[in-house]
Every structure is written in structure tokens, then in C-alpha cells.
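Here are the chains, one letter per residue:
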Amino acid sequence: MTVSSITLKRISPQQLFMISVLVVNAGNYLYNLLLGRFLGPEVFAEAALLVTLLLVLSFLGMTFQLAMAKFTAQLPSNQWEAFRARINKYALLLGCAMGALLVFGAPALQQLFHTESAFMFRIFGIGVPIYFLMSVNRGQFQGEEDYAKLSLSYQLEMWGRLIITFLVLVLFGKEYGTLVAIGIVASLFLGLFPMKRINLGLRDIIKIDKHNLDLVKKFMWITACYELTQIIINNSDILLVKHFFSPEEAGLYASLALIGRVVYFVAWMFVMLLLPTVVKLKKNGEETSPVLFKYVGYISMLSSVIVLACAIFPKLIITILFGEAYVGMAGLLWQYALATSLFAIANIFTYYFLSLEKYTPIWFSAIFGVSQIVLVIFFHSSLAFVVQLQIVVMLALLVTQLLYFVANR
């Protein structure tokens, strides 16, 4: 037996997925960094806006994905096809409705976010139904713990967005926002693969047990609410800064957010592994808290290293990643990284309780998420103050989650 074959056998599917997520996050970072350098702060603000809108929509996409992941592992086999057909149908219908809102609401969005073109929102809207179907597809792979196919879907989306976006930017070089939207939509089509057969249940008489259907609906509503609060916390600042500040300041802030959020993107890797693992442990009557402690420990160590690096080498990090044009944000880098780290750790606790069907922590996130928006709307005298408000809110959220965990052990 060769050394390489021994090494491959030692790599578990979960480890393979973690490696893949690291590569995907690195690729997405490279994508944003190259856009920042290629477009400059003012134009980069429009590109970052599209990426942020995709993340905003992901609260619905992730609802479908997490529901598929949970009930793939939980539902009896005779209920599986009925469940999958219903979820696919809902995803397609909701995706078409949301896409239509973007297409027809493009002029209003252009005015709200002060963009050069409305057409980029129309292009973006076309990709929304594809995004939702892609999320359902990924949820099934996640629930089946088929991490190889799940990894391939993320890899195809990431590399497709990176290559196609810069190909059209180099070839055409005008209407940058529209070209970035084309790259994003094309990557979503690639992310559909490897694709499960889409069964909408339109020709067959498919029934699902009422009790299980009620469980699915409850989980999806609660998950959607939580994902919405998570998106509010993680992305509302970029949208509000784009509205309240000049295009150049919005572009500088977008670069700051991109660097500072590296903790959150890596933390999401652990969330993807946490949910099905906790569901299975609970189903088997085993202790679940050791899994939580392990992932919280990983994120805490990673966060500490990143915040410390951002505090010691802020100018070097920004110059290497984005260039001299963005160095004005150096003083805020560690503060933004700290705010994101606090949120990432609190997020692990919330998903842990969500897996155990304990939903109170979702209300904590909703309250603090709305508080963040209200505070930024009324107190946005400077970009520094916007960041510092987030540190206070995220620290309060984490303390609340910890107190809830201690009280419910």
C-alpha cells in the first residue's frame, strides 16, 4: 500500500469538506480582493453591494438547505420523496417571486443605493430561483453527509464566479456592476451540479404525514426568522453605509468588512458540520455539549489569532490585500474583526440550540439584530462609530447566549 493511499484513507469526509470550505473561502476572498484592486473603492462599492444582496437572500436559501439537511436525517424513508417534492416546489415558487421583485423593482433599488445602472439588479434577479434550487440540492447532500458532492457544488460555484466575472470584465470593461451580476448568476448555474433529480410532485399524488409536515413547517419558519436576523446582523451595516456615506467611503468600508469577516466565513464551516451531528447524537440519546465545546474552542482560537494580527499589522494586511487606496481603514480593522468574532461565537451557540429544537436564542438574535440597525440609523457620524456600535451589540448578544446556555444545561 502506498503512502498516498494511506493518507487518503485517513482523511474523513468531514475533513475533506473542511478543506474544501477553506479553499472556497480563500477563492471567494481572492474574488473580492481582485475586484477591489481592479475596480477601485468607488466602483467596488457596487460590486460589494451585489455580493451583499446575495447574502441577504441567503436567509431564505439557507432555510431550505438546513430544512433539507435536518429532515433528510430525521424523516422515515417512506416520507422522503413527498418531503423533497414539496420543498423543491416551494423553493422554485418563492425564488421566482423574489426574482420578479428584483427585476421590476430595479429602478427603486438603483435610487436607494445610488448605483449607476438598474440593469444589474435585473440580471441578478434572474439568478434567484436558481439559487434557491441550488440550496435545496445542497441540503440533501448535507443531510446525507455526502460531503464530496457538497464540496464539489461549492467549488464549482466559487471557481465559476471567479473565472467568469473577470473574463467578462477583461473582455468588455464597461457597466461593471452589470458584468459582475452576470458572473454571479452564471456561477449559480454551475453550483447546481452535481444535481439531484428535481421532483416537484406535480404529476404524482404525493402525501406527507401531517405530523411530519407540521414539524417541517415549524422548523422552516423558525429557521427563516433566525437566518433573517443573522443576515441583518452580518450585512445591514454594509447596506446602511452604502446609503448614508459617499461611494468612496462605502467602498473603503466594504474592504474593511471583507477582511474582518474571515472569522465568520470559517465559522460557517463548523456550523455545516454541527447541525447533522447534533441531530444524530440527540436521536441516539447521546451527549451533545462536547461537540459544541469543540467547535466553540476552534472558533475562539481562530478569532484570537485574527484579531491580534489585525491589531499588530493593520496597514500591512490592507496594503497586501487591497492596496494603498484602502489603507485609510487600517485603524478600524481589528475592531471590525473583533465584532465579527463575537458574532461568530454567538452564532455557534444559536445553531446548537436550533439543532436541539430550542428556539429562544433566535429571539435574542432578532432583538440585537434590530438594535444594531436602529443604532446605526440614528448614530452614523463616522465609520468608526458604526464599527464600535457593532462591538457593543455583539458582545451583549454573546453574553446573553452564554447565560442561556448555562441556565439550560
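Before any of the text, the structure's been laid out above.
Moving on, we get to the overall build of the chain. Within the chain, the regular secondary structure consists of 16 helices and zero strands. In terms of overall size, the chain behaves like a compact globule, its C-alpha atoms giving a radius of gyration of 21 Å where 409 residues would be expected to give roughly 22 Å. Each of the three principal axes of the chain carries a C-alpha extent, and together these read 60 × 55 × 50 Å. By residue count, 56% of the 409 residues in the chain fall in the buried class. Long-range pairs, those at least 24 residues apart, make up 82% of the contacts in the chain between residues at least 6 apart in sequence. Per element, the accessible surface of the chain, about 17,800 Å² overall, is 70% carbon and sulfur. Across the chain, the 28 positively charged side chains and the 20 negatively charged ones have centroids separated by 8 Å.

Another point: helix 15 (residues 360-378). Spanning 19 residues, helix 15 covers 28 Å between terminal C-alpha atoms, matching the ideal 27 Å at 1.5 Å per step. Listed in full, the buried residues belonging to helix 15 are Pro361, Ile362, Phe364, Ser365, Phe368, Gly369, Gln372 and Val376. Along the axis of helix 15, the buried residues cluster in a sector spanning 155°; they form a single face. Among the exposed residues of helix 15, those pointing more than 90 degrees away from its buried face are Trp363, Ile367 and Phe378.

For the pair helix 9 (residues 210-244) and helix 16 (residues 383-407), interaxial distance at closest approach is 12 Å and the crossing angle is 165°. One element, helix 9, and the other, helix 16, form an angle in the roughly antiparallel class. For the element pair helix 9 and helix 16, the recorded crossing hand is right-handed. Between helix 9, through Ile233, Asp237 and Val241, and helix 16, the contact on the second element is made entirely by Leu383, Val386, Gln390, Met394 and Leu397.

Here we take up the packing of helix 14 (residues 333-355) against helix 15. Viewed as axis vectors pointing N to C, helix 14 and helix 15 meet at an angle of 145°, and their least axial separation amounts to 8 Å. Along the contact surface, helix 14 presents Thr350, Phe353 and Leu354, while helix 15 presents Pro361, Ile362 and Ser365. Looking at the contact of helix 14 with helix 15 residue by residue, the classes come out as four nonpolar, two polar and no charged.

With that settled, the discussion passes to the environment of Arg86. Summarising the element assignment, Arg86 is placed in helix 3 (residues 77-104). Along the backbone, Arg86 and Ala97 are eleven residues apart, and their C-alpha atoms lie at a distance of 17 Å. Contacts of Arg86, omitting those with residues within four sequence positions, involve Ile208 and Leu213.

Another aspect to go through is the packing of aromatic side chains. Remark: the centre distance and the inter-plane angle together describe each pair of aromatic rings, the angle taken between the planes. On inspection of all chains with the given rule, the structure shows 18 aromatic pairs. Both rings, one in Phe353 and one in Tyr404, keep their centres 5.0 Å apart while their planes meet at 80°; by these two values the pair is edge-to-face. Pair noted here: Phe353 is in helix 14 and Tyr404 is in helix 16, with a separation of 51 residues, a long-range link. One exposure class covers both Phe353 and Tyr404, and it is buried.

The rules behind the values
Residues numbered from 1 in each chain as written. Predicted model: local features only at pLDDT ≥ 70, side-chain atom pairs only at ≥ 80, totals over all residues. Heavy atoms only, no water. Helix = DSSP H or I, 4+ residues; strand = E, 2+ residues; numbered from the N terminus. Rg over C-alpha atoms; globule rule 2.2 N^0.38 Å. Buried < 20%, exposed > 50% of the residue type's maximum accessible area, 1.4 Å probe, protein only. Contact = heavy atoms within 4.5 Å. Areas by Shrake-Rupley, 256 points an atom, 1.4 Å probe, with all protein chains shown as cover. Lys, Arg positive; Asp, Glu negative; His and termini not counted. Charge placed at Lys NZ, Arg CZ, Asp CG, Glu CD. Expected span 1.5 Å × (residues − 1). Arc of directions from axis to C-beta. Axes fitted to C-alpha atoms, helices over the stretch in contact; angles between N-to-C directions. Parallel < 35°, antiparallel > 145°, perpendicular 65-115°, else oblique. Left-handed = near helix turned anticlockwise from the far one by under 90°. Nonpolar A, V, L, I, M, F, W, Y, C, P; charged D, E, K, R; others polar. Phe/Tyr/Trp six-rings, centres within 6.5 Å; stacked < 30°, edge-to-face > 60°.

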